[in-house]
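# Observations on chain architecture
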Amino acid sequence: MNLPLVGAPHDRLDGPAKVTGRATYAADFSPAGLVHAVMVTSEIGNGRIVRIDDAETRRQDGVLAVLTHENARRMHPEGHGFAFALMLLQDDRIRYDRQPIAVVVAESFEQATYAASLLRTTYESEPPITRIEDSADRYTPEEIFDEPADVTRGNPDRAFAGAPVQFKATYSTPVEHHNPIEPSATIAEWEGERLTVHDSTQGVTNARKRLATVFGIPVSNVRVISPFLGGGFGCKGAVWSHVALAAMAARAVGRPVKLVLTRPQMFGSIGYRPRTIQSIALGADRDGRLSCIMHDVLSQTSTFDEFVEPSALVTKMLYAAKNVRTTHTLARVNAATPTFMRAPGEATGSFALESAMDELAYAVDIDPIELRLRNYAERDQSENKPFSSKSLRECYRIGAEKFGWSERDPKPRSMRNGRMLVGMGMATATYPTNRAAASAVVRMNEDGSVVVRSGTQDLGTGSYTVYAQVAAETLDIPIERVRLELGDTDLPPAPLSAGSMTAASVGSAVYEAASALRERLRKGEKAPIEARADAKPQEHERYSKHAFGAQFVRVEVDPDLGEVRVRRMVGAFAAGRILNAKTARSQYLGGMLWGIGMALHEVTRFDERTARIVTANLADYLVPVHADAPDMEAYIVEEEDPHVNPIGVKGIGEIGITGVAAAIANAVYHATGIRVRDLPIACEKLLR
Amino acid sequence: MDSAIPELATAGTLPSAAPAAASILGPGEVQIELEVNGERHELSVEPRVTLLDALRERLKLTGTKKGCDQGTCGACTVLVNDRAIDSCLTLAVMHVGDRITTIEGLASGEQLHPMQAAFVEHDGFQCGYCTPGQVLSAVALVREGRMTGDDAIREQMSGNICRCGAYENILAAVRDGARRMA
C-alpha cells in the first residue's frame, strides 16, 4: 500500500472553480429552450383539496402549463424502503404542510412565480396531530437499517433493579431541517422516451433508478448529472417529489424545465430529522461500572410512509455492559416523511446517552472521562465481534490534553470568566463504518495524464481531490496529472454519498483500479491503458467497524440572560486512514459546528392547530452563523486498520456532529447546575 | 449605526440620467444597460426581475448563487459600487449606471484575486455554494477597513451562512486574504 496513513493536505483541486464561480451546480445549467417551473404547495397540514381554481393563473403571460391532481398523468410514486413515497399530484389528499399540489410552468421564472401566486385553492381541513406524545398511532418497525428494532442482551430489568446506583431520565430532540445553502434544484429534459436530469442529488445512480421506476421507463433511458452539489447533509439522498414533478412538467410542455425549491419549500417535501423522545436507564455499581443500559426511543414518521431515527443503535455497542435493551417505536403524525440527516441516529442518540453518562458521572462522583474508561468496550458485545480497530482511549487522551481538561473543577457553577459562568463538558463521538459496492475506471493517456471515472458525487466532501490522491499515490505520479470525472450516470456506478461511506466505497474502487493499472504497467503494457474495478464489501463481516472520537467544549453562560456561547471546541477523532489531512479536518470541523446548531439553535416549530411549520425560513430557523462559531480544533488521531476495507478508511463526514450536543449540554450543566434534557438549549430553559 | 446605511440607500434609487423613465417603467420588459465586471450588457427585463435573476438567468453569470431569495443567507452577495449587497433584494432596473462586480469579475484572467487564493489555501469552503458570496463579502469588508480583528471578522461575515460549517477556515482565509490585499 503506497497510501500514507495521513494523506497530504492538498488544496482542493476543485477549489479554483469554486472560488471563481465556475463550478456548475444543478440550477446553473441552461439547455436551449429552457422554461421555468414553480411548485405550489399546500396551505393546510391535514385534509383534502376541494377545488383548485387556475383560471387567473392560466390567463397570465408566458404560462405554458398548470399541473394539478385533476390533469396530472398517473405515475408510480409508491414508496419502498428508502425510496420514499412521492406526492405527484395523484389525488386530492393533503397529508402534510407544504405538500406539492400544483406546478406552474412559464417562459420566465418571474412569470411562473406570479402566475403560481394566483392559484386559488379551497381546502377541507381536518384536525391534525403534530406531536408524537399525542399520537395513538404507534408501532414497532420491522427493522432499522437491516437490524431488528428491538434488541436485548442479558436481563436488563433485573440488572437495573439490583443496581446500587440507578439513573433514569428522558431526553428529547426536536424536528430539524437540513437547510443546505443550495436549494434542491432539477432541470429535466425529454428526448422522446429518454430523460436527462441535472439534479442536486447525493446519488446519481440511485436517482436514475428511482426516476425510471416512477416514470415506468428502462433505467438506461435516464441520465442524471450532478457535477457539484451545494451541500446535502441527507436531504438530497432520496429522490423527492420535486424531481419527478420537474420531469412531469418537462413532458407536459415538451421543453426543458427548471424547478428550484424556494427556501420555505426546503421545509416541505425533502425530509427532516424527526423529533425523538428517548428514555435512558443506567444501572451501575458505586465505582461507576455499568451493569445495565436501557434506551427506549420514540420518534415520528408520516401517516403514509416510514423512516426510523435509529437513535439507540449506538447504545448497543458503545459501552461494556452485560445487560442492554434498546427499542425503537414510531408514532405517526401529520407531517412529511422524515429522512437521514447528518449522523441519523448517532446525533440524536448520543445526545441522550452521553448526557446520561455525564449525569451518572456526577451521581457516582467520578470524572466523566474516567467513567467512560471504566466502561470501555474492548469488543462489540452486541455483535459479539472484535472491533477492526478502536483508538478511543487515544482520542480521550489527546482531546483532554489539547483542551486542558485537567483545569476543570467538576463542581457546577464553580468556574467563571468575569460575570460569565464557565462550563466544560465532554462526550464520546462514534459513527459506524459503512461501505457499498462501487465501480471506478482509471485511465492513463499517452501523455501520462490520468483520468479517474466514477459515478459518485462531491457534496463538499473533497471527492475531486481525495480520489485523485488515491490514484496518484497508487500510481506514484504527481496529483496534478490526475483528473476526476464524477456526478454522471454515464460513468461507472457508485453508491449514494451518504452514511460516511463514500471514501470506503469509491476509495476502495479507485485504489483497486489504480493498483491493477500499475501492475499492468509494470508488466510492460503501455498507455493508453485503462483498468476498471468493481469493488464490493465482504458478505460476512468478521469485525465490528466504527470510528471513534472525543468532543470537548467550553461554554460561557450569561447568568442573567441564560445566553449560551460556545467559546472553544476540541475534537479528536480516529477514523482509520485519512486521505487528505486538510479536507478531513474541514469535515470534522463542519460536523462539530453542526453540533452547535443542534445543541443551541435548530428547531422546526409547528402550529399544533394546523400542522403548519411556522419557522420555514433562515430567519426563523436558526443555523449557526459565523459569529456563533467558537475557536475550533479538530485533531486526527492516527490509526492503522488493516481489516476495515482495502484502503483502511472509516469515513469522517458524520462523526463530527456526534456527541457535540451532549458535550454542550454537559458543559452548560457544569456552568449553571441546570440540566437541559430537551434540545435546543434555549435561554428560557436556563432562566430560574 | 455607520456610514454604510445612507450610501446603500442611494444605491437603490434610479439613476439620475433616467428620471423621466422612472414613472413609466414596466410592467412589460424594459431595455436597460448594466455594467457588470467592467463590461456593458444590454438587456431587456421586466421591472420585477431581481438583480440576482438578471445576472443568473439573463447574463448567464451563474457564479452568483440563490440560497434563499429572502436576504437571509448571503449566497447572492455582489458588489455594487464596491459595497456588498444581497442581489436577491434589489431589482435589476435599479442598477443602471452602477458598477456591479460578481465573483466572475474578481480574478484577473487565470490569476486568482488574493482573497480567492486565500480561500483555496485555507480550505475556506466545502461544497462551495456560499463561497462566491463569502469571498465578495470578505473583499468588501477589507476594502472598507473593517478588518479590526477576529471578532470583527466573525461578526461582519455573519451575513454569509456556510452550512458546511467552514467558519474556522473562512476566518483564517479572510485574515490571510486581508494581509495579501494590503
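Thresholds, definitions, all that
- Residues numbered from 1 in each chain as written.
- Chains lettered and ligands numbered in written order.
- Predicted model: local features only at pLDDT ≥ 70, side-chain atom pairs only at ≥ 80, totals over all residues.
- Heavy atoms only, no water.
- Helix = DSSP H or I, 4+ residues; strand = E, 2+ residues; numbered from the N terminus.
- Rg over C-alpha atoms; globule rule 2.2 N^0.38 Å.
- Buried < 20%, exposed > 50% of the residue type's maximum accessible area, 1.4 Å probe, protein only.
- Contact = heavy atoms within 4.5 Å.
- Areas by Shrake-Rupley, 256 points an atom, 1.4 Å probe, with all protein chains shown as cover.
- Lys, Arg positive; Asp, Glu negative; His and termini not counted.
- Charge placed at Lys NZ, Arg CZ, Asp CG, Glu CD.
- Core = buried A, V, L, I, M, F, W, Y, C linked by side-chain atoms within 4.5 Å.
- Salt bridge = Lys/Arg side-chain N within 4 Å of Asp/Glu carboxyl O.
- Pairing = 2+ DSSP bridges.
- Axes fitted to C-alpha atoms, helices over the stretch in contact; angles between N-to-C directions.
- Parallel < 35°, antiparallel > 145°, perpendicular 65-115°, else oblique.
- Left-handed = near helix turned anticlockwise from the far one by under 90°.
- Nonpolar A, V, L, I, M, F, W, Y, C, P; charged D, E, K, R; others polar.
- Phe/Tyr/Trp six-rings, centres within 6.5 Å; stacked < 30°, edge-to-face > 60°.
- Disulfide = S-S within 2.5 Å.
- Domains from an automatic or database assignment.
- Buried area = accessible area lost by both parts, 1.4 Å probe.
- Polar contact = N/O pair within 3.5 Å; in protein donor to acceptor, adjacent residues only side chain to side chain.
- pLDDT = per-residue confidence, 0-100.

## Some words on the overall build of chain A
Looking only at helices and strands, chain A features 14 helices and 29 strands. A compact globule built from 688 residues should have a C-alpha radius of gyration of about 26 Å, and chain A, at 26 Å, falls within 12% of that. Projected onto its principal axes, the C-alpha coordinates of chain A cover approximately 75 × 75 × 50 Å. The proportion of buried residues among the 688 residues of chain A is 66%. By sequence separation, contacts in chain A at least 24 residues apart represent 81% of the contacts at least 6 residues apart. Just so you have it, chain A exposes about 23,500 Å², and 47% of that area is on carbon and sulfur atoms. Treating the 79 positive side-chain charges of chain A as one cloud and the 86 negative ones as another, the clouds have centres 2 Å apart.

## With respect to the environment of Pro227 of chain A
Residues and elements named next belong to chain A. The residue Pro227 is located in the loop between strand S12 (222-225) and helix H6 (241-253) in this model. Residues Pro227 and Arg158, spaced 69 residues apart in sequence, show a C-alpha to C-alpha distance of 55 Å. Ignoring sequence-local partners within four residues, the contact set of Pro227 consists of Thr24, Phe29, Tyr464, Leu486 and Gly487.

## Some details on the nonpolar core
As a rule of thumb, nonpolar side chains are buried together in soluble globular proteins. In this structure, Val555, Ile664 and Ile681 of chain A together with Phe119 of chain B are the most contacted members of the largest nonpolar core, which totals 179 residues. Among the nonpolar cores identified, the runner-up in size contains 45 residues, and Val35, Leu195, Leu211 and Val253 of chain A belong to it.

## Brief notes about the pattern of salt bridges
Oppositely charged side chains can pair when the atoms bearing their charge come close. Throughout the structure, instances matching the rule amount to 69 salt bridges over all chains. Measuring nitrogen to oxygen at the nearest pair gives 2.4 Å for the salt bridge that ties Asp28 of chain A to Lys65 of chain B. Of this pair, Asp28 of chain A sits in the loop between helix H1 (15-20) and strand S1 (35-41) while Lys65 of chain B sits in the loop between helix H3 (51-58) and strand S3 (77-80), which puts the two residues in different chains. Classification of Lys65 of chain B by relative accessible area gives buried; the value is 1%. Here Asp558 of chain A and Arg419 of chain A are joined by a salt bridge, their closest N and O atoms 2.9 Å apart.

## Quick notes on the sheet that holds strand S26 (residues 564-574) of chain A
Residues and elements named next belong to chain A. The sheet built from five strands is open, its strands ordered S19-S20-S25-S26-S29 with mixed pairing. In the strand order of this sheet, the two ends are held by strand S19 (415-417) and strand S29 (631-636), each with one partner. Taking each pair of neighbouring strands and ignoring which way they run, the sheet shows an average axis angle of 25°. Where S26 lies against S29, six bridges are found, and the strand directions are parallel. Of the residues in S29, the one forming a bridge with Phe573 is Ile636.

## Digging into the packing of helix H5 (residues 131-143) of chain B against helix H7 (residues 167-181) of chain B
Axis angle and axis distance: for two packed helices, these are the angle between their axes and the distance between the axes, and together they describe the pair. Residue and element names in this part refer to chain B. Taken N-terminus to C-terminus, the directions of H5 and H7 make an angle of 50°; their axes are 10 Å apart at the nearest point. By the angle class used here, H5 and H7 are oblique. Between H5 and H7 the crossing geometry is right-handed. Touching Gln134, Ala138, Val139, Leu141, Val142 and Arg143 of H5 are Ile170, Val174, Ala178 and Met181, all from H7. Taken together, the residues that form the contact of H5 with H7 break down as eight nonpolar, one polar and one charged.

## Thoughts on the packing of aromatic side chains
On inspection of all chains with the given rule, the structure shows 21 aromatic pairs over all chains. The interplanar angle of 85° and the centroid separation of 5.2 Å between the aromatic rings of Tyr25 of chain A and Tyr129 of chain B together place this pair among those described as edge-to-face. You can see Tyr25 of chain A sitting in the loop between H1 and S1 and its partner Tyr129 of chain B sitting in the loop between helix H4 (114-121) and H5, one on each of two chains. Residue class for Tyr129 of chain B comes out buried when judged on its relative accessible area of 4%. Between Phe82 of chain A and Phe145 of chain A, the ring centres sit 5.6 Å apart and the planes meet at 85°, which makes this aromatic pair edge-to-face. One end of the pair, Phe82 of chain A, is in the loop between strand S3 (63-68) and strand S4 (93-94); the other, Phe145 of chain A, is in the loop between strand S7 (138-139) and strand S8 (151-153), and 63 residues separate them in sequence.

## Some points on the state of the cysteines
All told, the structure shown has zero disulfides over all chains when counted by the stated rule. In this structure Cys162 of chain B is not part of a disulfide, and its nearest cysteine sulfur, from Cys130 of chain B, lies 4.1 Å away.

## Quick notes on the domain arrangement of chain B
Residues and elements named next belong to chain B. Here chain B is partitioned into domain 1 (4-105) and domain 2 (114-181). Listed as interface residues are 18 residues of domain 1 and, on the opposing side, 15 residues of domain 2. Interface of domain 1 and domain 2: buried area, both sides summed, is about 1,200 Å²; carbon and sulfur atoms make up 58% of it. Contact with domain 2 buries area across many residues of domain 1, yet Thr77, Leu79 and Ile103 alone supply 37% of it, more than any other trio. Between the two partners, domain 1 and domain 2, sit two salt bridges. Its salt-bridge partner being Glu144, residue Arg83 comes within 3.2 Å of it at the nearest N-O pair. Joining domain 1 to domain 2, the criterion identifies six residue pairs in polar contact (both at pLDDT 80 or more). Elements supplying a minimum of two residues to the side of domain 1 that touches domain 2: S3 and strand S4 (83-86). Within the side of domain 1 that touches domain 2, the residues separate by chemical class into seven nonpolar, seven polar and four charged.

## Remarks on unusual backbone geometry
With omega at 0°, the peptide bond leading from Ala527 of chain A into Pro528 of chain A counts as cis. With respect to the secondary-structure elements, Pro528 of chain A resides in the loop between helix H12 (502-522) and strand S24 (529-535). Along the chain, Leu679 of chain A connects to Pro680 of chain A via a cis peptide bond; the corresponding omega equals -5°. Mapped onto the elements, Pro680 of chain A comes out in the segment after helix H14 (660-672). Phi angles above zero are rare outside glycine, and Asp82 of chain B is one such case at about 75°. Following the sequence through the fold, Asp82 of chain B ends up in the loop between S3 and S4. The backbone phi angle of Asp123 of chain B is positive, close to 55°, even though this residue is not glycine.

## Here's the deal with the confidence of the model for chain B
Across chain B, the average pLDDT comes to 89, with 87% of residues at or above 70. In this model residues 1-21 of chain B is a low-confidence stretch, pLDDT under 50, and it forms 16 contacts with partners more than four residues away in sequence or in other chains.

## A short note on the packing of helix H11 (residues 463-475) of chain A against H12 of chain A
Residues and elements named next belong to chain A. Orientation of H11 relative to H12, taken along the N-to-C sense of each, is 30°, at an axis distance of 9 Å. As far as their axial angle goes, H12 and H11 are roughly parallel. Judged by the twist between their axes, the crossing of H11 over H12 is right-handed. Here Tyr467, Val470, Ala471, Thr474 and Leu475 of H11 lie close against H12, whose contacting residues are Thr502, Ala503, Val506, Gly507, Val510, Tyr511, Ala514, Ser515, Leu517, Arg518 and Leu521.

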